[in-house]
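# Commentary on secondary and tertiary structure
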Amino acid sequence: MELIQNLLANQLFFSVIMMAVGLGVIAGVSAPFAILFERKLSGWIQDRIGPNRVGPWGVLQPVADGVKFLMKEDITPAHVDKPVFIMAPFISMIVALIGFAVIPWAGEIHFPWMDEGATVRTQVANLNVGVLYMLSVASLGVYGVVLGAWASNNKYAFYGGIRATAQMISYEVPLGLGVLVVILIGGTLELDKIVYAQAQSGVWNIFLHPVAFVLVLTAAFAETNRTPFDLAEAEQELVGGYHTEYSAMKFAAFFLAEYSHMATNSALVIVLFLGGWAPLPFLSFWSPEHTWWNVGWLAALIKFGCFFGKIAAFLVFYIVIRWTVPRFRFDQLMRLAWKGMVPLAIGALVLQVLMTALGFIIRPERGFAGNLPTVLFALAGNAVLIGLAMFVTARSTREVTGRQDNLPAVGNRNANAKLSGIIQ
Amino acid sequence: MIRDEDIMMVAPPTLTTSDKLYLPQVIAGMRTTLRHMFSVAKRAETTVQYPEQKRKLRVENYRGVHRLNKDPDGRVACVACFMCSTACPAHCIHIEAGESPWPDREKYPVKFDIDELRCIYCGMCEEACPCDAIELTPHYDLVGKSRQEMVFDKEKLLRIFDETKDVKPRKNPPVTDYGLTGGQDKAVARPTAERKV
Ligand code: SF4
Ligand code: SF4
């Protein structure tokens, strides 16, 4: 008993426990949950019923899928680069999972048997550059895809890998800029401090920077290779994209990695913009005092529940988006990133810099009402940004069609006559 | 030469500001998605819960598993003319002809195998058969544990006739029996003729 108490009070051991919890939540709960809900919701959205045969309401469907993947023949084609081919899915998987190390699940806990004032953090690693860690791990995610694609020695897989790389490079930029906005708001790179600030003031960062939120969200979609950014596995063009040559458990690893990645990225967006574990906006849910809510273990469980609920809502959102927005064409994808999102993100950044310079700084201890001027200023700035974007897009008369300039103009009779001459 | 009036000019639709900004359109699309997601009644009525519920088929022209028809005397109606196997685009009918033991026809199939896995259920065999001996039935839920099991032989195909003749009676009366065995004569072989056995 003594030993267990001591272990729980020790940050290192507690980190190990959080690691187990984190992995359990992500790989053991979120991913199967996401897979089941993906299939269920996809069905509903298409006016079908979805899986309902395995277990009541189809809840055992992920298990059945897992068993199927285990039993399937694991083919390694003869022409692949074997070590890399085998490694790639697991790199994907590992990278998707290690992002969780810095997610602050539920603030701090003070156990009754601990020294006065001491706490353990519900975080695997309390890095003081948590945001940077998160960003770098998120961009490592593409390595699994690229290595798998390259090692497959298959042109379709290869295209998929190249697309994933180009897309990743482009969407890192708005993602980084959007995250920079959040860093400037709180002046910190520590994820738990970012959450504390939001929870204490009740001003979630989304109320300050909705534009940056949308940009980071979009970039997060692109990072996970989900529709509408799933060009890396566009099955209509590339068979299966980067996982064309993968089967059985290796394919399942890619699959799980995608879902873990979704969960990781939603956790990041939640921490940065949606108040982390804070149950409700506008109210203060944290203060430096050691009350039961701030450091109690029961409160920690509730906070964890809130966080997980937000992740679940996010996964549902991912699925709804998947069935709403059709896949971009590649040039549209690039145009969106470089001509749309990067300028907007720079705008949001400039806005935040202005706010800091003009003294519109969030002071968490003042609560929501005390920070109202800052919020209003930020929202006004965002409205200006959106207005500017609308103005620019309304002024641009060039059609966004992707037609190459050396093709005959649409509706040009002479050119059509020439073409028909060729056909004849 | 493509005639001018055959050329259709298609101008790309002009994008509105909300189109160009993506997001308003995404939100509009999500409304549609969510509407479908919550329309419980619609998906209940569209879905057929297959093994428990079955669709009502049009028995006369549904193209399911084959059967080999029998004539009123219980003999296989096929005369091993190979028309069906010639017509079959999937080359899945294998017939071995033998000399008929009956006086009213020259040949009969000693073996008649259809590979139900290769078959594309096009119904060409049924159309080709001069004596309507091969027909497609409304049965579609056929399963087997091996490929070999899915090659249906003559006995199996005749059995299917016994099983399905109540659901779907044989189309035309037999034309092979020219009155020799005390059955019908040629006059009744017209498609519209009354069958009197
Ligand atoms: S249905 Fe078509 S494919 Fe099948 S056996 Fe008849 S002719 Fe061949
Ligand atoms: S089934 Fe019809 S077409 Fe085929 S061999 Fe027999 S009689 Fe000829």
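Let me begin by describing the structure that accompanies this report. (Residues numbered from 1 in each chain as written. Chains lettered and ligands numbered in written order. Predicted model: local features only at pLDDT ≥ 70, side-chain atom pairs only at ≥ 80, totals over all residues. Heavy atoms only, no water.)

## Focus on the overall build of chain B
As a reminder, the rule being used: Each helix corresponds to a stretch of at least 4 residues labelled H or I by DSSP, and each strand to a stretch of at least 2 residues labelled E; elements are numbered beginning at the N terminus. Here the term buried applies to any residue with accessible area under 20% of the maximum for its type, exposed to any over 50%, and partly exposed to those in between, with areas from a 1.4 Å probe on protein chains only. By definition, residues are in contact when any of their heavy atoms lie within 4.5 Å. Per-residue and other accessible areas were derived by the Shrake-Rupley procedure at a 1.4 Å probe size, with only the shown protein chains allowed to occlude residues.
Helix and strand content of chain B: six helices and five strands. Sequence-ordered secondary structure for chain B, helices as α and strands as β, is α-α-α-β-α-β-β-α-β-β-α. Here chain B, with 197 residues, has 35% of them falling under the buried criterion. Restricting the contact set of chain B to residue pairs at least 6 apart, pairs at least 24 apart contribute 65%. Carbon and sulfur atoms form 55% of the exposed surface of chain B, whose accessible area is close to 12,600 Å².

## Quick notes on the side chain of His-261 of chain A
All names here are of chain A. You can see His-261 is positioned in helix 11 (residues 248-273). For His-261, a relative accessible area of 10% corresponds to the buried category. Other than its neighbours up to four places away in sequence, His-261 contacts Ala-96, Ala-138, Gly-141, Glu-223 and Thr-224.

## Describing the packing of aromatic side chains
Keep this limit in mind: Only rings of Phe, Tyr and Trp enter the pairing, Trp through its six-membered ring, and a pair is recorded when the two centres are within 6.5 Å. The plane angle decides the type: under 30 degrees is stacked, over 60 is edge-to-face, the rest tilted. A ring has a charge above it when a Lys NZ or an Arg CZ is no more than 6 Å from the ring centre and no more than 35 degrees off the ring normal.
Tallying each qualifying case throughout the model produces 20 aromatic pairs over all chains. Between the aromatic rings of Phe-221 of chain A and Phe-317 of chain A, the centroid separation amounts to 6.0 Å while the plane-to-plane angle is 75°, which identifies the pairing as edge-to-face. One end of the pair, Phe-221 of chain A, is in helix 9 (residues 210-223); the other, Phe-317 of chain A, is in helix 13 (residues 297-322), and 96 residues separate them in sequence. Judged by its relative accessible area of 26%, Phe-317 of chain A falls in the partly exposed class. Where Tyr-50 of chain B meets Tyr-140 of chain B, the ring centres are 6.4 Å apart and the plane angle is 40°; that geometry is what we call tilted. Placement of Tyr-50 of chain B in the loop between helix 3 (40-46) and strand 1 (66-68) and of Tyr-140 of chain B in the loop between strand 4 (134-136) and strand 5 (151-152) is noted, with a sequence separation of 90 residues between them. Residue Tyr-140 of chain B is classed as partly exposed on the basis of its relative accessible area of 29%. Taken together, the aromatic side chains of Phe-69, Phe-251, Phe-255 and Tyr-259 of chain A make up a single cluster linked through ring pairs. The ring of Trp-277 of chain A is capped by Lys-303 of chain A, whose NZ or CZ atom sits 4.6 Å from the centre of that ring. For the cation-ring pair, Lys-156 of chain B lies above Phe-152 of chain B, with the distance from its terminal atom to the ring centre recorded as 4.4 Å.

## Some thoughts on the site of ligand 1
Note the following rule: For each residue, the test is whether any non-hydrogen atom lies within 4 Å of the molecule or strand; if one does, the residue is near. Asp, Glu, Lys and Arg are counted as charged, while Ala, Val, Leu, Ile, Met, Phe, Trp, Tyr, Cys and Pro are counted as nonpolar; the rest, among them Gly, fall into the polar class.
Around ligand 1, a shell composed of 13 residues is seen, among which Cys-88, Cys-119, Cys-122, Gly-123 and Cys-125 of chain B lie nearest. When its residues are assigned to classes, the shell around ligand 1 shows eleven nonpolar, two polar and no charged.

## Here we look at the interface of chain B and chain A
To be explicit about the condition: Any carboxyl oxygen of Asp or Glu that lies within 4 Å of a side-chain nitrogen of Lys or Arg is treated as forming a salt bridge with it. N or O atoms closer than or at 3.5 Å make up a polar contact, with two conditions inside protein: a donor-capable atom paired with an acceptor-capable one, and, for residues adjacent in sequence, both atoms drawn from side chains.
Counting residues at the interface gives 31 residues for chain B and 32 residues for chain A. Across the pair Arg-53 of chain A and Glu-52 of chain B runs a salt bridge, and its minimum N-O distance is 2.9 Å. Seen at the junction of chain B and chain A, the total is seven residue pairs in polar contact (both at pLDDT 80 or more). Taken together, the residues of the side of chain B that touches chain A sort by class into 17 nonpolar, nine polar and five charged.

Such coordinate-based values are descriptive only and should not be taken to indicate function.
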